[in-house]
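# Report on the structure
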Amino acid sequence: MGLGRIIARFQPFARRTEKGNKMKIGVLCSGGDAPGMNPCIRAIVRAGAQSVGVDYRDEIVGIYHGYRGLLNEEFLPLGAREVSGLTSRGGSILYSSRCKEFEAPEGRAKAAEILKRNKFDALITIGGNGTLSGARDLGEVWDGKIIGVPGTIDNDLLGTDMTIGFQTAVQTGVEAVDKLRDTAGSHDMMFIVEVMGRLCGDLAAYIALAAGCELAEIREIPTNIDAIVEKLKTFKEKGKRSIIMTVAEGDDYGGAYEILNGLKAAGSPYEMRAVVLGHVQRGGVPCPGDRILATKLGISAVDAVHLGETGKMVGEVNGKLVLTPFKDVVVGRREGPMDVMTLIDRVSV
């Protein structure tokens, strides 16, 4: 399914003076946190307030702990001052969680009743595939407007070129690899660095390219241990003293330790160590790219509900803001970063 057929361009940021169109909008974060969620919350709150050229005067209500907080009615009104300084803060001031109760039809029916009873007109959800799937299912039992914003470091969603948090996670990975390179070069070693990306290899590929890694292993390409060993032998013959390989946690062979054991058994010429970056990739101050994307998409989400849109995710494709129906976002994952993998091969000599 091509993106051109599942997305619809729209024109946010319009200069309006719409009075009498005040809405009560809930906003929540769900699933894994991602750097840039706080700037997105800030943008949603301030876009809904009265500002130059736009007179929404919305009531924005933060919902703590994602869908779990919705079921527990953990609500907090948010104004322009409450979100001051959020552009540089990692994590989420609304916190996040996963909620088994919400996954059941009874849980979603309860959520719909709570939203109706509290007179919400719209809900904006920030998160990844699970968050958007929940928003899709909630939309089947609640008649309010629901717009999703892509917030996940994995960059695995259709309907947007980049997700909020991805660029910062790449930066975090590159900084870690740069430090490991110093040790690898000092000891003639190879480091195998496992990064997140259970269903998408973008993190492993982009970190490898930016950090000058010699190898990257992602789920989209089957891992061939014998072929890797042959490459390592060639590198050794050429006098390369340090090797860094990134591995996506969703790799078909397993994680960093499984690949290390496989390479050792197959005769790797390098002494090797495995490093798992883990949850450190989710934290930290969001980089400028994520702050800008989060602000664009947060404002776009508010504009979308005022334009009557629902059941869709806002994203940016080829520099254009787009809306993609939830059913098309959650149906699959992005294609693998094959072009990036080719670039890694071309410069790893």
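Attention now moves to the overall build of the chain. A tally of helices and strands in the chain yields 13 helices and 14 strands. Rg of the C-alpha trace for the chain: 22 Å, near the compact-globule value of 20 Å for 349 residues, within the 12% margin. Once the C-alpha set of the chain is aligned to its principal axes, its extents read approximately 75 × 40 × 35 Å. Residues counted as buried form 54% of the 349 residues belonging to the chain. Considering only contacts within the chain whose residues lie at least 6 apart along the sequence, 78% involve residues at least 24 apart.

Pairing is parallel across the open sheet formed by four strands, whose spatial order is S10-S11-S9-S12. For this open sheet the edge positions go to strand S10 (215-217) and strand S12 (271-276), each flanked by a neighbour on one side alone. On average, each strand axis in the sheet is inclined to that of its neighbour by 20°, with strand direction left out of account. Relative to S12, strand S9 (residues 189-195) runs parallel, the two sharing six bridges. Each residue of the ladder has a partner; that of Val193, found in S12, is Val275. Helix-sheet contacts for helix H8 (residues 202-211) involve S9, S10 and strand S11 (243-248), and the interaxial angle to S11 is about 160°. Across the sheet, helix H9 (residues 225-237) touches S9, S10 and S11, and the angle it forms with S10 is around 170°.

The next thing to look at is the side chain of Thr131. Mapped onto the elements of the fold, Thr131 is located in helix H6 (residues 129-138). Setting aside chain neighbours within four positions, we find Thr131 in contact with Ser30, Gly31, Tyr67, Thr125 and Ile126.

Remark: a regular strand shows side chains that alternate across the two faces of the sheet. Counting buried residues in strand S13 (residues 312-317) gives five out of six residues, a clear majority hidden from the surface. Note that strand S8 (residues 145-150) and S13 share two bridges and pair parallel. Note that in S13 the partner of Ile147 across the bridge is Lys312. Across six bridges, the pairing between S13 and strand S14 (residues 320-325) is antiparallel. Across the sheet, residue Val314 finds its bridge partner in S14, namely Leu323.

Take a nonpolar patch on the surface next. Taken together, the side chains of Leu209, Leu343 and Val347 make up a nonpolar region of the molecular surface, amounting to roughly 250 Å² of accessible area. Looking at the secondary structure, you find Leu343 in helix H13 (residues 338-347).

Once that is clear, we can look at the pattern of salt bridges. Taken as a whole, this structure holds 16 salt bridges when the rule is applied. Notably, a salt bridge pairs Arg273 with Glu271, separated by 2.8 Å at the nearest N-O pair. We classify Arg273 as partly exposed; its relative accessible area is 39%. Notably, a salt bridge pairs Asp328 with Lys327, separated by 3.4 Å at the nearest N-O pair. For Asp328, a relative accessible area of 8% translates into the label buried. Among the residues examined, Lys327 registers a relative accessible area of 55% and is labelled exposed. One network of salt bridges, in which partners are shared, links Glu73, Glu113 and Arg117.

Conventions adopted
- Residues numbered from 1 in each chain as written.
- Predicted model: local features only at pLDDT ≥ 70, side-chain atom pairs only at ≥ 80, totals over all residues.
- Heavy atoms only, no water.
- Helix = DSSP H or I, 4+ residues; strand = E, 2+ residues; numbered from the N terminus.
- Rg over C-alpha atoms; globule rule 2.2 N^0.38 Å.
- Buried < 20%, exposed > 50% of the residue type's maximum accessible area, 1.4 Å probe, protein only.
- Contact = heavy atoms within 4.5 Å.
- Pairing = 2+ DSSP bridges.
- Axes fitted to C-alpha atoms, helices over the stretch in contact; angles between N-to-C directions.
- Patch = residues over 30% accessible without salt bridge, like charges linked within 9 Å, V, L, I, M, F, W, Y side chains within 5 Å.
- Areas by Shrake-Rupley, 256 points an atom, 1.4 Å probe, with all protein chains shown as cover.
- Salt bridge = Lys/Arg side-chain N within 4 Å of Asp/Glu carboxyl O.

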